[in-house]
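# Coordinates in review
So the chains spell out like this:
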Amino acid sequence: MVHHHRYNLLKKGGDEEAGTLLFLYYRRRRPNLLSVVFLSLLSCTFILAPHLFSASSSLSHLCSFGVQNEGFVGNIDVNAPLCSSIPNGRICCDRSHFRSDICFMKGDVRTHSPSSSVFLYSSKSNNGFISYVSSMIDDGEQEEHDELQHEKIKPYTRKWEPSIMDTIDELDLISKRANLGVHHPCDVIHNVPAVIFSTGGYTGNLYHEFNDGIMPLYITSQHFNKKVVFFILDYRNWWVIKYGDIISHLSDHPVIDFIGDNRTHCFTEAIIGLRIHDELTVDSSLMRSNESIVDFRNLLDRAYWPRIRGLIQEEEQETVDKKMSTSRTSGSVFDYQARKPKLVILSRNGSRAIMNENSLVKTSEEMGFQVQVLRPERTTELAKIYRSLNSSDVMIGVHGAAMTHFLFMKPGSVLIQVIPLGTEWAAETYYGEPARKLGLKYIGYKIKGRESSLFDEYDKDDPVLRNPSSFTKKGWEYTKKIYLEDQTVRLELRRFGKRLARAYYCITGIHPQSSLE
């Protein structure tokens, strides 16, 4: 009981705890008079030192005691994020962001997967004097490892969604006072920091894989220049394979399954959780070296280039063969085709599909585009999709997770997003604004009621058609059920042709051959 009370006093800091500890010492041990005098002198020195050295500033020291002595807090730039600098033997958690928590551990850090824990062993407390007095009081009776701090964290970037966070594994971060006589073996000693995060939650959806995982991982770890080890909770082997090209450009080390690997891994620094800025973006003002979303895309370029090089060589050979074939019949045909801007249509099946897609292809070709219909599957190699969109000038797609592929486009390209009824806010927030930040020329196409399949299911005056916001404001479930799962589109090509003509002009600087305006 006394031990627990003393620990609470140690947490408070200040002159009062020193006197209290001396009192406890006297009650428990009743030391000889010389010891009492010695400790009393130390206590007086501790209490009066600020007054002796600076009477004029004694009040400010007194008021700020326990803050300045935190070590890392007083040294932080006011514009820097919380926990940007901590001393050895400390755990610091930043829970200020509504999207995610992130904790930092520095010192003797060790993983313990059977208990889903990360331990930090500290040989001293924050206050050397208190640590000294505490050791005298315990007189060898304290436990081998006193728990100094205990934090819990679910390292996933959607903490405002309780339903999904309930599915995420939780980690215990525990700081303990180490006993010099007890040895804690390390199975693997790392000379680089660790970053621990989860690939659970909405993983399996491209938007969430990038927005909640890959981009926050870049934001959190890129400053390590690949000198970092990634530990994954809710480990999925397919995810590691799918994003292996990107991971290899963020870390020089193999990814480790936190729960599946029972070895004790030892570090001097660990980050648990990921920082996230906004929807599919990197805020340069929050980055150490002002990296932006363009820098992230450049990383993707480097990551996929080795594989793309082989694809390019194959395409070049096919082009040479095609040129030789067409030049025998019409020398001008190939030259004209080569100048055509490339337009990629992201094709969907089921909900939010473009029902007159074939007519859209024909209209686009008549306008002067070279058209490719791309139907990404969950198993489609990302390098192939990247190659296709990286070489495109325009991408057309209906609002949905597949629009995340705009990250694969070159800045200066054109993104046309078809916006079904009831998705205006989401389309702008998740894809429109991020696309502009990447440097794309964004064109949003809001469909009219008669272009929606809902037009055949509801009366023309029904609020579902007339006032979608009256339903979407009720919550995500209404939006999902009515406007995302049950809606397809049939474009009015004469009206949509104006967007095509605008895109053509943005790329070529000339008006298209054929316009439906």
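Keep in mind that what you see is a predicted model, and the values were worked out from it rather than measured. (Residues numbered from 1 in each chain as written. Predicted model: local features only at pLDDT ≥ 70, side-chain atom pairs only at ≥ 80, totals over all residues. Heavy atoms only, no water.)

### Thoughts on the packing of aromatic side chains
Condition: A pair of Phe, Tyr and Trp rings is counted when the ring centres sit within 6.5 Å of each other, with Trp represented by its six-membered ring. The angle between the planes then sorts it: under 30 degrees is stacked, over 60 is edge-to-face, the rest tilted. The secondary structure listing takes helices from DSSP runs of H or I that are at least 4 residues long and strands from runs of E that are at least 2 residues long, numbered from the N terminus. Note on classification: 1.4 Å probe, protein chains only; a residue is buried when its accessible area is under 20% of the maximum for its type, exposed when over 50%, partly exposed between these limits.
By the definition in use, this model includes 19 aromatic pairs. A ring pair is formed by Tyr-218 and Phe-296, whose centres lie 5.4 Å apart and whose planes are at 70 degrees; its orientation type is edge-to-face. Taken together, the positions of Tyr-218 in helix α7 (residues 206-221) and Phe-296 in helix α10 (residues 293-327) put the pair 78 residues apart, joining distant regions of the chain. Across the pair, exposure class does not vary: Tyr-218 and Phe-296 are buried alike. Ring centres 5.2 Å apart and planes at 85 degrees place the aromatic pair Phe-369 and Tyr-504 in the edge-to-face group. With Phe-369 in the loop between α12 (357-367) and β12 (370-374) and Tyr-504 in helix α18 (residues 493-508), this pair connects stretches of sequence that are 135 residues apart.

### A few points about a negative patch on the surface
We apply this condition: Patches were defined on residues exceeding 30% relative accessible area and lacking a salt bridge, with like-charge contacts within 9 Å and nonpolar side-chain contacts (Val, Leu, Ile, Met, Phe, Trp, Tyr) within 5 Å. All accessible-area figures derive from a Shrake-Rupley calculation using a 1.4 Å probe, and residue coverage is judged against the displayed protein chains alone. Here, a salt bridge means any side-chain nitrogen of Lys or Arg that lies within 4 Å of a carboxyl oxygen of Asp or Glu. Only four residue types enter the tally: Lys and Arg on the positive side, Asp and Glu on the negative side, with His and both chain ends excluded. For charged residues, the charge sits on one atom: NZ in Lys, CZ in Arg, CG in Asp, CD in Glu.
Together, Asp-456, Glu-457, Glu-477, Glu-485 and Asp-486 give the surface a local cluster of negative charge. Mapping Asp-456 onto the fold places it in the loop between β15 (441-446) and α15 (463-466).

### Section: helix α17 (residues 476-484)
Keep this limit in mind: Each direction from the helix axis to a C-beta atom contributes to the arc, which is the arc of those directions. Throughout, a contact is declared for two residues whenever any of their heavy atoms are within 4.5 Å.
Residues of α17 that are buried include every one of Thr-479, Ile-482, Tyr-483 and Leu-484, and no others. One side of α17 carries all its buried residues, which in axial view fall inside an arc of 155 degrees. On the buried face of α17, the contacting elements are α15 and α16 (469-472).

### Here we look at the pairing of strand β5 (residues 171-177)
Heads up, the condition is: Two strands pair if DSSP finds at least two bridges between them.
For β5, the tally of buried residues reaches 7 of 7 residues, placing the bulk of the element in the interior. Burial along β5 is two-sided: the residues Leu-171, Leu-173, Ser-175 and Arg-177 and Asp-172, Ile-174 and Lys-176 are all buried. In this sheet, β5 lies alongside strand β3 (residues 117-122) in parallel orientation, the contact comprising 6 bridges. Within β5, the position partnered with Leu-120 by the bridge is Ser-175.

### Details of the sheet that holds strand β13 (residues 394-398)
To be explicit about the condition: Axis lines are fitted to C-alpha atoms, over the contacting stretch for helices. Their N-to-C directions set the angle, which ranges from 0 to 180 degrees.
The strand order β12-β11-β13-β14-β15 describes an open sheet built from 5 strands, whose pairing is parallel. Strand pairing shows two members of the sheet lacking a second neighbour, β12 and β15, which therefore form its edges. Across this sheet, the average inter-strand angle for adjacent strands is 20 degrees, counted without regard to direction. Pairing between strand β11 (residues 342-346) and β12: 5 bridges, direction parallel. Within β12, the residue paired with Leu-346 across the bridge is Leu-374. Here α12 sits on the sheet in contact with β11 and β12, set at roughly 155 degrees to β12.

### Describing the confidence of the model for the protein chain
Detailed reading of the predicted model is not advised wherever pLDDT is low. Rules: Each residue carries a pLDDT value, the predictor's own confidence for that position, ranging from 0 to 100.
Residues with a pLDDT of 70 or more make up 76% of the protein chain, whose mean pLDDT is 81. Every residue in residues 126-145 scores below 50 in pLDDT, and together they form 39 contacts with partners more than four places removed in sequence or on other chains. Note that residues 328-337 has pLDDT below 50 and, in this model, 6 contacts with residues that lie over four places away or in other chains.

### Brief notes about the nonpolar core
Generally speaking, nonpolar side chains in soluble globular proteins are found buried as a group. Formally: Joining through side-chain atoms within 4.5 Å is the link that ties buried Ala, Val, Leu, Ile, Met, Phe, Trp, Tyr and Cys residues into a set, and such a set is a nonpolar core. Note: domain ranges come from an automatic or database domain assignment.
If you look at the biggest cluster of nonpolar residues, it comprises 60 residues, and the most contacted ones within it are Phe-210, Ile-246, Phe-296, Phe-406 and Leu-407. Each of domain 1 (90-123 + 146-276) and domain 2 (342-508) contributes no fewer than three residues to this core. Judged by nonpolar contacts, the second largest core, of 32 residues, contains Ile-345, Ile-416, Val-418 and Leu-421.

### Here's the deal with the side chain of Ser-453
Counted only if it meets this: We call two N or O atoms a polar contact when they sit within 3.5 Å, provided that within protein one can donate a hydrogen and the other can accept it, with sequence-adjacent residues counted only if both atoms are side-chain atoms.
Checked against the element boundaries, Ser-453 lands in the loop between β15 and α15. Among the polar contacts made by the side chain of Ser-453, one reaches the main-chain amide nitrogen of Thr-488 at a distance of 2.9 Å.

### Structural notes on unusual backbone geometry
Phi angles above zero are rare outside glycine, and Asn-225 is one such case at about 55 degrees. Turning to its location among the elements, Asn-225 is positioned in the loop between α7 and β8 (229-233). Despite not being glycine, Asn-290 shows a phi value in the positive range, around 60 degrees. Tracing the backbone shows Asn-290 in the loop between β10 (265-272) and α10. Taking the relative accessible area as the measure of exposure, Asn-290 reaches 54% and is therefore exposed.

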